[in-house]
Amino acid sequence: MPHFVMDCSDTVLNLYEQKFICEQIHIAALGTGLFVENEIKVRLNTFKIYSVGNIEDEFIHIFAYIMQGRTTVQKANLSKKIVSKLTSMFPNIQNIAMNVADFEKATYCNHAMLKAIKSSK
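Residues numbered from 1 in each chain as written. Predicted model: local features only at pLDDT ≥ 70, side-chain atom pairs only at ≥ 80, totals over all residues. Heavy atoms only, no water.

Asker: Describe the pairing of strand E1 (residues 3-9), listing the residues and the values that go with them.
Answerer: In terms of burial, E1 is a largely internal element, seven of the seven residues being buried. Going residue by residue along E1, you find His3, Val5, Asp7 and Ser9 tucked away on one face and Phe4, Met6 and Cys8 tucked away on the opposite face as well. For E1 and strand E2 (residues 41-47), the ladder comprises seven bridges, and the chain directions are parallel. Each bridged residue has a counterpart across the sheet, and for Met6 the counterpart in E2 is Leu44. With helix H1 (residues 18-30) bridging E1 and the parallel E2, this β-α-β connection has right-handed handedness. Bridge count between E1 and strand E3 (residues 59-67): six bridges; the pairing is antiparallel. (Buried < 20%, exposed > 50% of the residue type's maximum accessible area, 1.4 Å probe, protein only. Helix = DSSP H or I, 4+ residues; strand = E, 2+ residues; numbered from the N terminus. Pairing = 2+ DSSP bridges. Right-handed = clockwise from strand over helix to strand, strands pointing away.)

Asker: So what's going on with the nonpolar core? Which residues, and what values?
Answerer: A general feature of soluble globular proteins is that nonpolar side chains tend to end up buried together. One finds Phe4, Ile60 and Ile82 to be the most contacted residues of the largest nonpolar core, which totals 26 residues. Put simply, the parts of the chain that give this core at least two residues each are E1, H1, E2, E3, helix H2 (72-89) and strand E4 (95-103). The greatest single-element share of this core, amounting to five residues, is contributed by H1. With residues near it in sequence (within four places) discarded, Ile60 still touches Met6, Asp7, Cys8, Val12, Leu86, Phe90, Ile93, Asn95, Ile96 and Ala97. (Core = buried A, V, L, I, M, F, W, Y, C linked by side-chain atoms within 4.5 Å. Contact = heavy atoms within 4.5 Å.)

Asker: Could you give me a rundown of H2, with the residues and numbers involved?
Answerer: Given a rise of 1.5 Å per residue, 18 residues ought to cover 26 Å, and the 26 Å separating the end C-alpha atoms of H2 matches this to within 8%. Buried residues of H2: Lys75, Leu78, Ser79, Ile82, Leu86 and Met89, and no others. Down the axis of H2, the buried side of the element spans an arc of 95°, and every buried residue falls inside it. Across from the buried face of H2, at angles greater than 90 degrees, the exposed residues are Thr72, Val73, Lys80 and Ser88. Residues of H2 that are buried in the fold lie against E1, H1, E3 and E4. (Expected span 1.5 Å × (residues − 1). Arc of directions from axis to C-beta.)

Asker: Run through the pattern of salt bridges, naming residues and quoting values.
Answerer: For the coordinates displayed, the defined rule picks out one salt bridge. For the salt bridge of Asp102 with Lys75, the shortest nitrogen-to-oxygen distance reads 2.8 Å. A residue pair is termed long-range when its members are at least 10 positions apart, and Asp102 in strand E4 and Lys75 in helix H2 qualify at 27 residues. On the basis of relative accessibility, which here comes to 16%, the residue Lys75 falls in the buried class. (Salt bridge = Lys/Arg side-chain N within 4 Å of Asp/Glu carboxyl O.)

Here it is, written out as structure tokens:
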């Protein structure tokens, strides 16, 4: 946790390699002080066919999924930091945005949690 999933037009990879973009998102997220470095997960999806306002206009959108408990101000700062980084990297792309969604602790489960439950029995 957290997960950052970047959806973007495939032309984004004309400027930077996918690995570099993911690293920059990772660095920006870490810079907020909200996350432990080895828990940050970043993925990137490119699209050849897309529509933005009913035209084919380049875009980047980050979907962030984080564990509940951060304030609205912290989440807004996270969005601003990552969007600012991407805007500086891609100054000609006008459609850069991000949203943050909370995972609910009560309903979240992962592999390590299952292993811990099994070993405590």
